[in-house]
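Observations on the three-dimensional arrangement
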Amino acid sequence: MTVTTEAKTFMNYINGEWEASSTNQVIASINPANKNEIVGYVQNSSKEDLDLAVAAAKKAQIEWKKLTGAVRGQYLYNVANAMEKRLGEIAECATREMGKTLAEAKGETTRGIAILRYYAGEGMRKVGDVIPATDNEALMFTTRTPLGVVGVITPWNFPVAIPIWKMAPALIYGNTVVIKPATETAVTCAKIVECFEEAELPAGVLNMVTGSGSVIGQGIADHPDINGITFTGSNGVGKKIGQAALARGAKYQLEMGGKNPVIVAADADLDLAVEATISGAFRSTGQKCTATSRVIVQSDVYEAFKEKLLAKTNEITIGDGLTEGIWMGPCANDNQLKTVLSYIEKGVEEGATLLLGGEQLKESDYEHGFYVQPTIFENVTTDMAIAQEEIFGPVIALMKVDSIKEALEIANDVQYGLSASIFTTNIGHMLSFINDMDAGLVRINAESAGVELQAPFGGMKQSSSHSREQGEAAKEFFTSIKTVFVKS
Ligand code: NAD
């Protein structure tokens, strides 16, 4: 594509310099609320560009790892301060690129800043333990060593928080980074990288190369000088990356899809359950890996819950996320919209009952965007695609059960295990849920889509490579343990 509008072109960031790709090609980032608006252009990079970034990161790591954690932490504090000054601008850019409301994008950017500060503090915390040696004249302890160069591959749905929750821990533990953001949100990532530049991070410590998944993403997975890969995205892509990394002995971490259930017990506070279901299912237009997609309700309260859910969903305002009063934006891109519509069609074909929504919105204000109505199905059975596959859109599958035991069986009857919620006031149900729900994140009387930056985050089953991100857990991925035995 050639540059045809006033929209700014963003370069790759390699070895402390903003560089055009050797291909001389750019990719347009489109506003999903108005596909005629180009938010910016990013480089459609080549393998050669990636090689330059990896070489710079490899060289820079030699000195970066020698700095104390406190010094590395100070850089992250400075990045956080630089980002705080640009919070509004970065959030607005995220909304323009992927459609979530400005309030959500501001919340996400605020979280990104908090993550930077959290990991800045990590630079001062302990990295090892003393272990009694069998020789009483020896000292034995563990310490941690960085992996080296870390490749970061991110999706478009959290364009601020995910890059930061991978880059900040990678850097604080002494790794250098090459990031390839999703092209849909690469302008937002460029603005984040500008904050690292403003904080005067040494050249080569953080590099950004934008481009296609098949060239730059796969290139990171295959690159012999990339020692660790942290990926968030779809299962199909994640598995390919894991296989490539395993084949060459690189460490990898994959955070992937979900099909997250909410269980509503007969004794639940129904208003709370409805509010949390709507927030979990429809905020960010259902495009969160932790979004609620199956709602399993005990038969005693099924009709009452359904009625409240339909009434509240009808109140949702849909439109451009930058407009005041809008609650739900468009799907992030045309492909995503088509996927959501195809699942809705499949749901109808397979015999589920469409209770609400189900239509693309195309008229007047919606004409140039990728809009779909919030959608609710009932009479969904476990064998249907809408009960099994990740839709990544604003679609709820309602299911009726007689008991909590049956609810848990259905909740677990999918390949994913990322997050899950139950609404109940019964301690027995809470304990069964904590013990028997196969998910990395189990939440009681709270929506499925809540993640706290200081706690481990990741999934079970096909949702993850069984590693965890965020909080202290990040240390496990971004470092290797070294056991030291010293004798005079
Ligand atoms: P995606 O897998 O299509 O893309 C993710 C990243 O991988 C992008 O940067 C993309 O360019 C890159 N990529 C594509 N093909 C590649 C290849 N062959 N090799 C290497 N990299 C490649 O995912 P998406 O559509 O951007 O994001 C949506 C998915 O992300 C959903 O499945 C969602 O559940 C998942 N997700 C998971 C979490 C989590 O923490 N578990 C969080 C957010 C999103």
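Rules of the game
Residues numbered from 1 in each chain as written. Predicted model: local features only at pLDDT ≥ 70, side-chain atom pairs only at ≥ 80, totals over all residues. Heavy atoms only, no water. Helix = DSSP H or I, 4+ residues; strand = E, 2+ residues; numbered from the N terminus. Rg over C-alpha atoms; globule rule 2.2 N^0.38 Å. Contact = heavy atoms within 4.5 Å. Areas by Shrake-Rupley, 256 points an atom, 1.4 Å probe, with all protein chains shown as cover. Lys, Arg positive; Asp, Glu negative; His and termini not counted. Charge placed at Lys NZ, Arg CZ, Asp CG, Glu CD. Expected span 1.5 Å × (residues − 1). Near = heavy atom within 4 Å. Polar contact = N/O pair within 3.5 Å; in protein donor to acceptor, adjacent residues only side chain to side chain. Domains from an automatic or database assignment.

1. Some details on the overall build of the protein chain
On a plain count of helices and strands, the protein chain comes out with 15 helices and 23 strands. Radius of gyration (C-alpha) of the protein chain: 23 Å, near the 23 Å computed for a compact globule of 488 residues. Dimensions along the principal axes, computed over C-alpha positions, put the protein chain at roughly 70 × 70 × 40 Å. Taking contacts inside the protein chain between residues at least 6 apart in sequence as the whole, the part at least 24 apart equals 74%. When the accessible surface of the protein chain is split by element, carbon and sulfur atoms take 51% of a total near 19400 Å². Charged side chains of the protein chain number 43 positive and 59 negative; the gap between the two group centres comes to 7 Å.

2. Considering helix α3 (residues 87-98)
Compared with an ideal rise of 1.5 Å per residue, which puts 12 residues at 16 Å, α3 spans 17 Å between its outermost C-alpha atoms and is within 8% of the ideal. In this structure, the buried side of α3 is in contact with β4 (26-31), β5 (34-43), α2 (69-85), α4 (102-122) and α6 (186-198). Downstream of α3 by one or two residues, G99 has phi in the positive range, about 95°.

3. A short note on the site of the ligand
T154, S234, M256, C289 and E390 are the nearest of the 27 residues found near the ligand. Contact distances for the ligand include 3.1 Å between an oxygen atom and a side-chain N or O atom of W156. Interatomic distance of 2.5 Å between a side-chain N/O atom of S234 and an oxygen atom of the ligand. Contact with the protein chains covers 89% of the free accessible surface of the ligand, which is 850 Å². Where the shell around the ligand is concerned, the elements lending two or more residues are α7 (213-222), β10 (228-232) and α8 (235-247). Looking at which domains feed residues into the shell around the ligand, each of domain 1 (8-256 + 464-487) and domain 2 (260-452) gives three or more.

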